[in-house]
Amino acid sequence: TFIKLNSIIMQRIYLLVVGILFGLGIQNVSAQRVVDIAASTDPVNPTDIFPVIKADTIAGGAMTDSNTVYRLENGESYVTTGRIVNEIGWDLHIEAVDLEDTENKPIIGRIPNASGTFPDIMRPNGNVTLKNLWIVSGEKGPLEQHDWGKIRISGANTRVIVSDCI
């Protein structure tokens, strides 16, 4: 009976350890860092998301967290004055705060940078996820020729997820 009791105790300890390790594994996989990018209160001067994402780094230029979700306010306008580029191992993830509100998507456009040229929106080399956004990538101004190909996926084996975007 001592051997049988010892076997039962060992089985329960084993199940407890497996349960704890499984729980920790799920917690680490689902942990995402969220950065809410506030919209400008000045409709003539929308928030530029490029410097916000580019500055989200630690010493040496590495991303603060490669599992970051950048969220934009629904119904608000944003711009980018630079090309957003991510590398393999850093998933670029931009989405609306409210994914259910598909009628009021955040709008991402572009304006000329300091040199007067219109930048590409993004050139992902790593995985990219875009959810519930309206991206205006070709406009340069009234009566001007449109630009095309302003979002180009460049990385090998890159996964792209686009959901409810225009």
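Everything here concerns the structure above.
Computed from a predicted model, the values in this text were never measured in an experiment.

The next subject is the overall build of the protein chain. Counting secondary structure elements, the protein chain contains 2 helices and 9 strands. For the protein chain, buried positions account for 32% of its 166 residues. If you sum the accessible surface of the protein chain, you get close to 10,500 Å²; carbon and sulfur atoms cover 58% of it.

One open sheet holds the 4 strands; their spatial order is 2-4-6-8, and the pairing between them is parallel. Sheet topology places strand 2 (47–48) and strand 8 (134–135) at the edges, where each strand pairs with a single neighbour. Of the strand pairs in this sheet, strand 6 (residues 107–110) and strand 8 are connected by 2 bridges, and their pairing is parallel. Across the sheet, the residue bridging to Ile107 is Trp134, located in strand 8.

The strand order 1-3-5-7-9 describes an open sheet built from 5 strands, whose pairing is parallel. Sheet topology places strand 1 (33–37) and strand 9 (160–163) at the edges, where each strand pairs with a single neighbour. The sheet shows a mean angle of 15 degrees between the axes of neighbouring strands, direction not considered. Direction of pairing for strand 3 (residues 68–72) relative to strand 5 (residues 92–96): parallel, over a ladder of 3 bridges. Looking at strand 5, one finds that Tyr70 is bridged to Ile94.

Taken together, the side chains of Ile151, Ile153, Val160 and Val162 make up a nonpolar region of the molecular surface, amounting to roughly 300 Å² of accessible area. Mapped onto the fold, Ile153 is located in the loop between strand 8 and strand 9. With a relative accessible area of 41%, Ile153 lands in the partly exposed category.

About the thresholds
- Residues numbered from 1 in each chain as written.
- Predicted model: local features only at pLDDT ≥ 70, side-chain atom pairs only at ≥ 80, totals over all residues.
- Heavy atoms only, no water.
- Helix = DSSP H or I, 4+ residues; strand = E, 2+ residues; numbered from the N terminus.
- Buried < 20%, exposed > 50% of the residue type's maximum accessible area, 1.4 Å probe, protein only.
- Areas by Shrake-Rupley, 256 points an atom, 1.4 Å probe, with all protein chains shown as cover.
- Pairing = 2+ DSSP bridges.
- Axes fitted to C-alpha atoms, helices over the stretch in contact; angles between N-to-C directions.
- Patch = residues over 30% accessible without salt bridge, like charges linked within 9 Å, V, L, I, M, F, W, Y side chains within 5 Å.
- Salt bridge = Lys/Arg side-chain N within 4 Å of Asp/Glu carboxyl O.

Interpretation in functional terms is not warranted from these geometric data alone.
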